[in-house]
Amino acid sequence: MVTKSRLHIPHPSARPGDKPEFGYVEISDAGAVKRPEINSRVKDMERLAHEMVRVLDDQHAALGPWHPHLEPHDLHVPLRYLLLTRIFDEHMQRMQRQGKISFYMQSLGEEAVSVAAALALQPSDMLFPSYRNQGLQLARGRNPVDLMCQCLSNSKDMCKGRQMPIMYHWARGNIFSVSGNLATQFPQAVGWAMASAIKGEDAIAAAWLGEGSTAEADFHHALTFATVYQAPVILNVVNNQWAISTFQGFAGGERRSFAARGPGYGIASIRVDGNDYLAVFAVTRWAAERARKGHGPTLIELVTYRAGAHSTSDDPSRYRPRDEWQAWPLGDPIERLKQHLIVLGDWTEGRHDKLVAEVTRLVDDSWQEALTYGSMTEGPFLNKYELFEDVFKDIPAHLIAQREEQLGLDED
Amino acid sequence: MVTKSRLHIPHPSARPGDKPEFGYVEISDAGAVKRPEINSRVKDMERLAHEMVRVLDDQHAALGPWHPHLEPHDLHVPLRYLLLTRIFDEHMQRMQRQGKISFYMQSLGEEAVSVAAALALQPSDMLFPSYRNQGLQLARGRNPVDLMCQCLSNSKDMCKGRQMPIMYHWARGNIFSVSGNLATQFPQAVGWAMASAIKGEDAIAAAWLGEGSTAEADFHHALTFATVYQAPVILNVVNNQWAISTFQGFAGGERRSFAARGPGYGIASIRVDGNDYLAVFAVTRWAAERARKGHGPTLIELVTYRAGAHSTSDDPSRYRPRDEWQAWPLGDPIERLKQHLIVLGDWTEGRHDKLVAEVTRLVDDSWQEALTYGSMTEGPFLNKYELFEDVFKDIPAHLIAQREEQLGLDED
Amino acid sequence: MPRMNMIQALNSAMDVMLGRDNDVVVIGEDVGYFGGVFRCTEGLQRKYGEHRVIDAPIAEGGIIASVIGMGVHGLRPVAEIQFADYIYPGYDQIVSELARLRYRTAGDFFAPVTIRAPCGGGIRGGQTHSQSPEGIFTHVCGLKVVMPSNPYDAKGLLISAIEEDDPVVFFEPKRIYNGPFDGDPDKPATAWSAHPKGEVPDDYYTVPLGRAEVVREGEDVTIVCYGTMVHVAQATAKINAIDAEIIDVRTMVPLDVHTLKQSVEKTGRCVIIHEATRFSGFGAELAATLQEECFYHLETPIIRVCGWDTPYPHAFEWEYFPGQKRLAAALEQALSA
Amino acid sequence: MPRMNMIQALNSAMDVMLGRDNDVVVIGEDVGYFGGVFRCTEGLQRKYGEHRVIDAPIAEGGIIASVIGMGVHGLRPVAEIQFADYIYPGYDQIVSELARLRYRTAGDFFAPVTIRAPCGGGIRGGQTHSQSPEGIFTHVCGLKVVMPSNPYDAKGLLISAIEEDDPVVFFEPKRIYNGPFDGDPDKPATAWSAHPKGEVPDDYYTVPLGRAEVVREGEDVTIVCYGTMVHVAQATAKINAIDAEIIDVRTMVPLDVHTLKQSVEKTGRCVIIHEATRFSGFGAELAATLQEECFYHLETPIIRVCGWDTPYPHAFEWEYFPGQKRLAAALEQALSA
Ligand SMILES: Cc1ncc(C[n+]2csc(CCOP(=O)(O)OP(=O)(O)O)c2C)c(N)n1
Ligand SMILES: Cc1ncc(C[n+]2csc(CCOP(=O)(O)OP(=O)(O)O)c2C)c(N)n1
Ligand SMILES: [Mg+2]
Ligand SMILES: [Mg+2]
């Protein structure tokens, strides 16, 4: 044991066996944070990077300048998508446990991050998700069957079996391909947005990554290019407190919020309660309008909590208290929106139960349908010789030869 | 010509033919910026990243809380090193023009950045320079002959002819090797500082890069690792307004100072008049003490102007007004220190001329001595077979074979 | 003698070196409190402290850069890259800085860094958890490049790498972390405990860098391989009753040309097998060198059996993987003329 | 026909494509207002506007990432990396993203990006302005890799690359930007104007990717080369009166194996020359493939003549550079048995 060392090592607030402790999360009161005009100068709204935009208060009322004043319908739809995301995740997690798919990653506890953004943006806006944004797909109306087929690598897998589960993409739905390499999508989204500006189009880009991934070079490249060219892009940092086993302090979050990185680059930056559907919606709308009107990029930090394991390969009880989520001060995004609707008089426990049942049935039915397109063990299967395609647009001679070789071996 | 484009393109304040225009440089009055305690919290001194620490006023008096109150001797020594750096540069630039060396890069106009830092730090502190920090070498007492021998790739070249001119290093003098790859030294310095902390040593690290180079990934890595481990390091951004042909707006400087990047990472950050010897000295001392006492890293932006061409391969009249330097509001660092000494009554034009003559002689004599160790055309030459050495610690079989092959060819 | 799997052997190598040399530090994503996603550093932080077994930000470029700085300051860092597939963000610091520091300073500065990276497929990792990028490191002069095929070598080579003053990129075929794998995914997994190379001393020992090992002597054809493929080669030769000489390269740079040459001169036939894609892979260097060195002894062309020139496809990893069938066909061809 | 040097030819290629296709954009460090440190983009910003010829921050990783995004959005970006030596910070985005995007999305997304990078030594650039890193790109499936040896090909290949929907890494040997160079640094420089391949049409034309060119027919030995080495090979054959068939590879991926094979089968002897370091360089792939394809026609081993396995040393670049003397010795050896 070195005792003379003076190296600072960040420590999470609690380890297995400790009492969860979230005193470090700075939280503003609902309604307390000002809402600047979308064309405000970055210098005049730096506080947004340190405060926390919240709309829903502890009594589930919506208040303050960020209150988006949505119609009941525009609250029922997201509630359904939030539930769909969670129930979809639960189902797929179970299927992985049963060996039906090889791998899975849930978004438990942070569903609002994706669902609110998807509904706040235009369908023509291009989304560059991380691997924990399945809510974007679902809230943009994607058929769950498509996502399941990808996870099954079956005959309808959009990736033709080439990618691990959850590495979805949706060209028609304007959702870019999830990369296994962290953070790469961030500056790509900026490039897409630059192209949109060059072409004089209205569509903007939005990208997501985890707080742990902000340490990668791509985060810096995204911010630099976004500010230099004032690209119409929204850069979302999902701070769910954990990056596999390391807490957000190992990405530099011990001293400052992640939103706080933005103003130094001259980028408008907002820290928001990621479990408050209305707040995320409102902030995303604001940023989208800012970008679309030509006032430049926005960095959004969504403060949330990764309630589940990192992935099906992970066991978080090794590195954090089992019951940390229960102590999480920003609660459960679904429960909060539901209670808000109930308080509004627009929802009941009964309707909720019915919705849960309906969505569960949808997920179960989708799974059954997906299986008809094949599974890991039963056909229809993908044509394995397609593995030689799409390396290039046209298959070159050496890959034709390799395909022949494979064919020859299979015929023996 | 695309007219619909909405992409923002940064524009410098003046192009060839235009009147120089530096209104964009925000300048504080000398003595106006507060000097916090070295253990202050980053949050409590963010203004330092936007203001500009200055000690010397327009009448060449030193004032304010950053005034380091140096003894006359401690002003004469730097003046000599500033002149040595400039005269050394002039000489080498001329030698390149005469074809005696293949390449050169001056530090004209930004000599104080290096000289002040070298004298403010301890000899055991490790320096990670960029290619425009020759002043660090000279002010640490390096024999100019050594630097010249490197530029000549002669028999005494510390790099054994393996590097282009100016890619110096000085192991005994604790100055790391200059890299041709921009910015790489920044996170390396943080690693060195982490090792210092791990070992419980007092020595700190300091690194330099140009404002254009802040766009590289390494800048971000340096800041992230520095804040996470609170490494005892000083990270210097030399904002000399230009990066070859692009002005500092292309690195994101249009909207914010480069020092402003630091606080977002939780790093103490100071913007300083880079042409004010006393200010640079004082700020470096402050940051060094902060690091040495365990209060963590500091980012320093040194505002200066690259008065010469980027390198001997460059022609700046293609992209900026020829007379821009004359309009530079922060003046010439050497002239300012000289006038300060004169105002103090510690210096005269006559003494100055004598010093210039003495230093010029030193440089000329050094060059003559350097040539005795060989030049590009005349021996003594390096042993060319050493080109196969130092790829690895011990020369492996395949390189022995290649050396044999070269020997064989040469014997034919 | 204790029995270890490869994870335990690697852990033991770091344990031994952390214990022997105060300058050894271990750094990487999730390597500290958690013990690494593959558990290679389990228990080391508890034993040696969090200043010597250090959790890192998720920035491979920053990790490599910082260990260069540490190495320059006299430490002997062992950096873990969580998957070899994620080494590319650190590529610039490795190629432009780490590999060339000694050269560019004529020996005045160097950084004795070891970079560990789990590589290879066969664990349903898809294209971003299966790569074998050794070929893009073997081309970079100034780096030593190693890939062990068993626990005994893994520990001995890793200790050598850590003690080495030159930078070493140390690839660990993760498919054989827990047991040897002969290329047949349908066979039940076997454990290292039954394998002779699963016997691993607890203490310090080294396996020198730069030496290949003849793992099976034979007369008819030479199989040059490394990592997982050593086991595929052994099984293929056995099942097909081919009297192959099998050579485990172990260190790609510096390459033990002598041992390879001797064998190919003896057998006159040679098949090279690796998991990385074929085109411009390390097998090309092996083939190019061996045809140059042994041309007049060769009876048939040197054949390369490699991963196809595609990314590693998740659902078709066993089609991509150069397994027994492909090797057997190549051996047949090599022995045909 | 107009005469152009290679810089003018490359400039003309971009000019033609910017004019023909509104989706073409050019981006890179100093490429806009200034026209590039090698003047390859001179005048283009003035002509097409600063939204199509774009100065970039000094961040190769950011440049590559952003052109991927632009490519996905339907643009056809041409990114300049100021020196090939500085491409490594963009390596992750090239390898992990650009090269694999089409594959991982089963064709639904792709980015038609061209990356231009001046490479090679002989201009006293030292180890960080002289590298030829093509070998680490040829191993990455999904990339096309090109290196022209003259103005005519440079323009035609660059237009093909820009029109290509696959990503192309386009290396430009800067030693021959202004004139052909036969490897003898003591000879006066010659200009492209006197060279037949210095005749370059002003308008649109293409040289297809994937086709090697026989630049000299011969009977006794095949020299496989590309870039600057094409001129070294021609001079060496001439001076030494060797009846060599000289093949300019031009496109490394996809490789025109057919043309190479035909020649080596004819001559029975082969020397490969490139400027990059030898170990695991692209020459290894060429040698490995050709011995496999032409084994029974070969009279002597295939020989590689390459840069030594060291960084490119500033003062000894002509020792490093695989020039006429080294090639002549290899040819002699190839013709000896
Ligand atoms: C370049 C790269 N390095 C490392 C990894 C391995 N890895 C996958 S997820 C992960 C943690 C990411 O944490 P965070 O960014 O906070 O996202 P979260 O999982 O919390 O959503 C790591 C280290 C990777 N996929 N890519
Ligand atoms: C990685 C890398 N990219 C590009 C270059 C080419 N280059 C050399 S200096 C330079 C400009 C740097 O400007 P700045 O950082 O402001 O430093 P200054 O020259 O002003 O001191 C460029 C682009 C390089 N050396 N390394
Ligand atoms: Mg996270
Ligand atoms: Mg500059």
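For every chain, the first residue of the written sequence is number 1, and numbering continues from 1 onward in sequence order. Throughout, the order in which chains and ligands are written sets their labels, letters from A for the former and numbers from 1 for the latter. Restriction of local features to residues with pLDDT of at least 70 applies here, the model being predicted, together with a cutoff of 80 or more for giving and counting side-chain atom pairs; totals for whole chains, interfaces and linings are based on all residues. Note: side-chain values were computed over all heavy atoms of the structure, leaving out hydrogens and water.

### Brief notes about the coordination of the magnesium ion (ligand 4)
Residues and elements named next belong to chain B.
Then, number 1: The protein atoms that coordinate the magnesium ion (ligand 4) are E211 (OE), N240 (OD1) and W242 (O), at distances of 2.1 to 2.2 Å.
Then, number 2: Only nitrogen, oxygen and sulfur atoms count as donors, using a 2.8 Å cut-off from the metal that widens to 3.2 Å for Na, K and Ca. Water is left out, so coordination shells may look unfilled. Between consecutive donors of the magnesium ion (ligand 4), the numbers of intervening residues give the motif E-x28-N-x1-W. For the pair shown, N240 and W242 are each scored as buried. Working definition: with a 1.4 Å probe on protein chains only, accessible area under 20% of the residue-type maximum means buried, over 50% means exposed, and in between means partly exposed.

### Some details on the relation of the copies chain D and chain C
Then, number 1: In superposing the copies, a least-squares fit is computed on C-alpha atoms, taking residues whose pLDDT is at least 70 in both. For the pair chain D and chain C, the best superposition has an RMSD of 0.0 Å and corresponds to a rotation of 180° with a translation of 0.0 Å parallel to the axis. Overall, the copies show the geometry of a two-fold rotation axis.
Then, number 2: Any two residues having at least one pair of non-hydrogen atoms within 4.5 Å are treated as being in contact. Interface residue correspondence from chain D to chain C reaches 100%, placing this contact among same-surface, isologous pairings.

### Concerning the interface of chain A and chain C
Then, number 1: Listed as interface residues are 47 residues of chain A and, on the opposing side, 42 residues of chain C.
Then, number 2: Across the chain A/chain C interface, buried area totals approximately 3,700 Å², and carbon plus sulfur atoms make up 63% of it.
Then, number 3: The salt bridge criterion pairs a side-chain nitrogen of Lys or Arg with a carboxyl oxygen of Asp or Glu, the two atoms within 4 Å. For the pair chain A and chain C, the interface holds two salt bridges.
Then, number 4: Residue K384 of chain A pairs with E319 of chain C through a salt bridge whose shortest N-O separation is 3.4 Å.
Then, number 5: As used in this structure description, the phrase polar contact means that two N or O atoms lie within 3.5 Å; if the pair is within protein, one of them must be able to donate a hydrogen and the other to accept it, and residues adjacent in sequence are counted only when both atoms belong to side chains. Linking chain A to chain C there are 16 residue pairs in polar contact (both at pLDDT 80 or more).
Then, number 6: Under this grouping Gly is polar, as are all residues other than the nonpolar Ala, Val, Leu, Ile, Met, Phe, Trp, Tyr, Cys and Pro and the charged Asp, Glu, Lys and Arg. Along the lines of polarity and charge, the residues of the side of chain A that touches chain C split into 20 nonpolar, 16 polar and 11 charged. Take the accessible area each of two parts loses on contact, using a 1.4 Å probe, and add the two losses: that sum is the buried area.

### Looking at the environment of G268 of chain C
Then, number 1: Put simply, DSSP H or I for four residues or longer makes a helix, DSSP E for two residues or longer makes a strand, and each gets a number counted from the N terminus. Relative to the assigned elements, G268 of chain C resides in the loop between α9 (257-267) and β11 (270-277).
Then, number 2: In this structure G268 of chain C comes out as buried when scored by relative accessible area, which is 2%.

### Considering the nonpolar core
Then, number 1: In this structure, Y229 of chain A together with Y229 of chain B are the most contacted members of the largest nonpolar core, which totals 362 residues.
Then, number 2: Apart from the residues within four sequence positions on either side, Y229 of chain B is in contact with L7, H8, I9 and F250 of chain A, M194 of chain B together with I27, I54, D55, A56 and P57 of chain C. Here, the term nonpolar core denotes a set of buried Ala, Val, Leu, Ile, Met, Phe, Trp, Tyr and Cys residues that are joined through side-chain atoms within 4.5 Å.

### With respect to the pairing of strand β3 (residues 233-239) of chain A
Residue and element names in this part refer to chain A.
Then, number 1: With seven of seven residues buried, β3 is to be regarded as a mostly interior element.
Then, number 2: Any two strands between which DSSP finds at least two bridges are classified as paired. In this sheet, β3 lies alongside strand β2 (residues 205-210) in parallel orientation, the contact comprising six bridges. Paired with G210 across the two strands is V238, which belongs to β3.
Then, number 3: Following the chain from β2 across helix α6 (residues 217-229) to the adjacent parallel β3, one finds a crossover that is right-handed.
Then, number 4: In terms of strand pairing, β3 meets strand β7 (residues 298-303) through six bridges, oriented parallel. With the strands aimed away from the viewer, a crossover counts as right-handed if its path from the first strand over the helix to the second runs clockwise.

### Section: the site of ligand 1
Then, number 1: The criterion for a residue being near a molecule or strand is simple. One of its heavy atoms has to lie within 4 Å of it. The immediate surroundings of ligand 1 are formed by 20 residues, with Y131, R132, S213 and W242 of chain A together with E60 of chain C found nearest.
Then, number 2: More than one chain reaches ligand 1: its neighbouring residues belong to chains A and C.
Then, number 3: In this structure, a nitrogen atom belonging to ligand 1 sits 2.8 Å away from a main-chain N or O atom of G180 of chain A.
Then, number 4: S213 of chain A places a polar side-chain atom, nitrogen or oxygen, 2.5 Å from an oxygen atom of ligand 1.
Then, number 5: A 1.4 Å probe and the Shrake-Rupley method give the accessible areas. Residues count as covered only by the protein chains that appear here. If ligand 1 stood free it would expose 590 Å²; the protein chains cover 96% of that surface.
Then, number 6: Residue composition of the shell around ligand 1, by class: seven nonpolar, eight polar and five charged.

### Describing unusual backbone geometry
Then, number 1: Cis rather than trans, the peptide bond between G379 of chain A and P380 of chain A has omega equal to 0°.
Then, number 2: Note on placement: P380 of chain A falls in the loop between α11 (349-372) and α12 (397-411).
Then, number 3: At the junction of V253 of chain C and P254 of chain C, the peptide bond is cis and its omega measures out at -5° in the coordinates.
Then, number 4: By secondary structure assignment, the location of P254 of chain C is in the loop between β10 (251-253) and α9.
Then, number 5: Positive phi values are uncommon outside glycine, yet N174 of chain A reaches one of about 60°.
Then, number 6: Residue position: N174 of chain A is located in the loop between α4 (144-152) and α5 (185-199).
Then, number 7: Judged by its relative accessible area of 22%, N174 of chain A falls in the partly exposed class.
Then, number 8: A positive phi is found at D390 of chain A, a non-glycine position, where the angle reads about 70°.
Then, number 9: Along the chain, D390 of chain A falls in the loop between α11 and α12.
Then, number 10: Residue class for D390 of chain A comes out buried when judged on its relative accessible area of 13%.

### Some points on the coordination of the magnesium ion (ligand 3)
Then, number 1: Protein-derived ligands of the magnesium ion (ligand 3) are E211 of chain A (OE), N240 of chain A (OD1) and W242 of chain A (O), with the metal-ligand distances lying across 2.1 to 2.2 Å.
Then, number 2: On the primary sequence, the residues serving as donors to the magnesium ion (ligand 3) are separated as E-x28-N-x1-W.

### Quick notes on the interface of chain D and chain C
Then, number 1: Listed as interface residues are 48 residues of chain D and, on the opposing side, 48 residues of chain C.
Then, number 2: Linking chain D with chain C are four salt bridges, by the criterion used here.
Then, number 3: Close ionic contact of R304 of chain C with E285 of chain D constitutes a salt bridge, the shortest N to O distance being 2.8 Å.
Then, number 4: Summed over the shared surface of chain D and chain C, the result is 18 residue pairs in polar contact (both at pLDDT 80 or more).
Then, number 5: Looking at the side of chain D that touches chain C, the elements that each hand over two or more residues are α4 (91-98), α5 (101-104), α6 (135-138), β10 (251-253), β11 (270-277), α10 (282-294) and β12 (303-307) of chain D.
Then, number 6: Broken down by element, the side of chain D that touches chain C gets its largest block of residues, eight residues, from α10 of chain D.
Then, number 7: In terms of residue class, the side of chain D that touches chain C is made up of 25 nonpolar, 13 polar and 10 charged.

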